[in-house]
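So the chains spell out like this:
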Amino acid sequence: MPGLFLAIDIGGTTYSVALIDENGRIKKKQAGTTKRAGGASWMIEKVTENASAMAEASGVLACGIGFGGPVDYAEQHVMSSTHVSGWEDVPLARIVEREINMPVVIENDANVGALGEYTFGAGKGCTHMVYYTISTGIGGGIVADGQIYRGGNGNAGELGHIAVTEKGPLCDCGNRGCLEALCSGKSIGKRASQLVSKHQRRGRYLRCLAKGSDVEAKNVFDAARDGDVLAGEIVAETCKYLGMGVAAAMNALAPQRIVIGGGVSRAGRVLFEPLRCQAARFTMPVHRGHLHIVPAQRKDNSVLIGAAALAMGLLG
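Attention here is on the structure that accompanies the text. Predicted, not measured: the structure shown is a model, and the values here were computed from it.

Next up on the list: the overall build of the protein. In terms of helices and strands, the protein carries 11 helices and 12 strands. Its C-alpha radius of gyration of 20 Å places the protein within 12% of the 20 Å reference for a compact globule of 316 residues. A separation of at least 24 residues holds for 62% of the contacts in the protein among residues at least 6 apart in sequence. In the form shown here, the protein has an accessible surface area of approximately 14,600 Å², with 49% of it arising from carbon and sulfur atoms. If you average the places of the 33 positive and of the 29 negative side-chain charges in the protein, the two averages end up 9 Å apart.

Below you can see the structure in the form of structure tokens.
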């Protein structure tokens, strides 16, 4: 279907709007920082303003939106946001459609990211795929038989909230020991900061990398890559728990590929090599030979690319 598609990615930290062609190539992109104090009304005004300007290009056929929070796909409503106020039961697709005068479809951003990687990225050629986005939190998306799997209530794919230990830290969802509470970028940095304070001598290198601020996940992976023992222990523990979660998804769903995206995935081999070992350890023998864990190809643009793919689906 030759033409251009609008793609919108709405997150709690940043937002972006892009013009993307039918092959998943980004032709134009604008991004900004989310003004959380402005709530939903500020964000809607910003994205519709940018989208309207881009929609003036000839050949724009439809618009897809990836939203960082629960979405009622059937009703095309945003249900809520854990980061920004004012998003309770907002008919976002209808609002944006009215402003830019073209068909609009909305979906949870992790599902959209999964669709982006499945259609134009690391999952291309598969019919069954699992996607994790690991950054501040951990989101997930499942592609089954070539379709986003939404489950009975429309909110399947919360892979970051698989609990792997009942004695783990409290998660934002209210449970303990979720992958998000143990393996997200936020949790890795928090755990590292606590250990650096507790072990002054062993944590000297990490403290140096952090330059006086709280230790971040990037500091931990950089230090582990350089052979720092404390950082290596944190990475090993993170990969053990993440491997347990990935193995659970493999055992339950038997995907052809497990794609890992988000900021933490940029760590590269220092993350992926121990993760693959730990996931294999917890995966059933019948699935182990089919376990393929790969980094996302579209990286920071997975959601935008997926939003365009979602819009393409409106046209058949």
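The structure having been displayed, the exposition proceeds.
Here we come to the pairing of strand β2 (residues 14-21). Judged by how many residues are buried, β2 sits mostly within the fold: 7 of 8 residues are covered. Across 7 bridges, strand β1 (residues 4-10) lies against β2 in antiparallel orientation. From the neighbouring strand, L6 faces β2, where its bridge partner is L19. Between β1 and the antiparallel strand that follows it, β2, lie 3 residues. As paired strands, β2 and strand β3 (residues 26-33) are joined by 7 bridges and run antiparallel to one another.

The terminal C-alpha atoms of helix α3 (residues 109-120) lie 16 Å apart, and with 12 residues this matches the ideal 16 Å at 1.5 Å per residue to within 8%. Among all positions in α3, only A110, N111, V112, G113, A114, L115, G116, E117, Y118 and F120 are buried. The backbone nitrogen of A110 has a side-chain oxygen 3.0 Å away, supplied by the residue at the start of α3, namely N108.

For the rest of this paragraph, the subject is unusual backbone geometry. Positive phi outside glycine occurs at D145, with the angle close to 50°. Mapping D145 onto the fold places it in the loop between β9 (138-144) and β10 (147-148). Among the residues examined, D145 registers a relative accessible area of 60% and is labelled exposed.

Turning our attention to the sheet that holds β1. Across the sheet, which stays open at both edges, the 5 strands sit in the order β3-β2-β1-β4-β7 with mixed pairing between neighbours. Of all the strands in the sheet, just β3 and β7 (104-108) have a single pairing partner and so form its edges. Ignoring strand direction, the axes of neighbouring strands in this sheet form an average angle of 15°. Relative to strand β4 (residues 60-67), β1 runs parallel, the two sharing 7 bridges. Within the sheet, the bridge partner assigned to D9 lies in β4 and is G66. Where helix α1 (residues 39-54) meets the sheet, its contacts fall on β1, β2, β3 and β4, and the angle it forms with β2 comes to roughly 20°. Seen against the sheet, helix α2 (residues 92-100) touches β1, β4 and β7 and runs at an angle of roughly 145° to β7.

Buried residues dominate β1, accounting for 7 of its 7 residues. Burial of β1 is two-sided: the residues L4, L6, I8 and I10 facing one way and the residues F5, A7 and D9 facing the other way are all buried.

Moving on: the side chain of H77. Turning to its location among the elements, H77 is positioned in strand β6 (residues 77-78). The class of H77 is buried, set by a relative accessible area of 16%.

One open sheet holds the 5 strands; their spatial order is β10-β9-β8-β11-β12, and the pairing between them is mixed. Of all the strands in the sheet, the pair left with one neighbour each is β10 and β12 (293-295). Pairing geometry for strand β8 (residues 129-134) and strand β11 (residues 257-261), over 5 bridges, is parallel. Opposite Y131, over in β11, you have V259 as the bridge partner. The strands touched by α3 are β8, β9, β10 and β11; relative to β9, the strand with the most contacts, the crossing angle is about 50°.

What counts, and at which threshold
- Residues numbered from 1 in each chain as written.
- Predicted model: local features only at pLDDT ≥ 70, side-chain atom pairs only at ≥ 80, totals over all residues.
- Heavy atoms only, no water.
- Helix = DSSP H or I, 4+ residues; strand = E, 2+ residues; numbered from the N terminus.
- Rg over C-alpha atoms; globule rule 2.2 N^0.38 Å.
- Contact = heavy atoms within 4.5 Å.
- Areas by Shrake-Rupley, 256 points an atom, 1.4 Å probe, with all protein chains shown as cover.
- Lys, Arg positive; Asp, Glu negative; His and termini not counted.
- Charge placed at Lys NZ, Arg CZ, Asp CG, Glu CD.
- Buried < 20%, exposed > 50% of the residue type's maximum accessible area, 1.4 Å probe, protein only.
- Pairing = 2+ DSSP bridges.
- Expected span 1.5 Å × (residues − 1).
- Polar contact = N/O pair within 3.5 Å; in protein donor to acceptor, adjacent residues only side chain to side chain.
- Axes fitted to C-alpha atoms, helices over the stretch in contact; angles between N-to-C directions.

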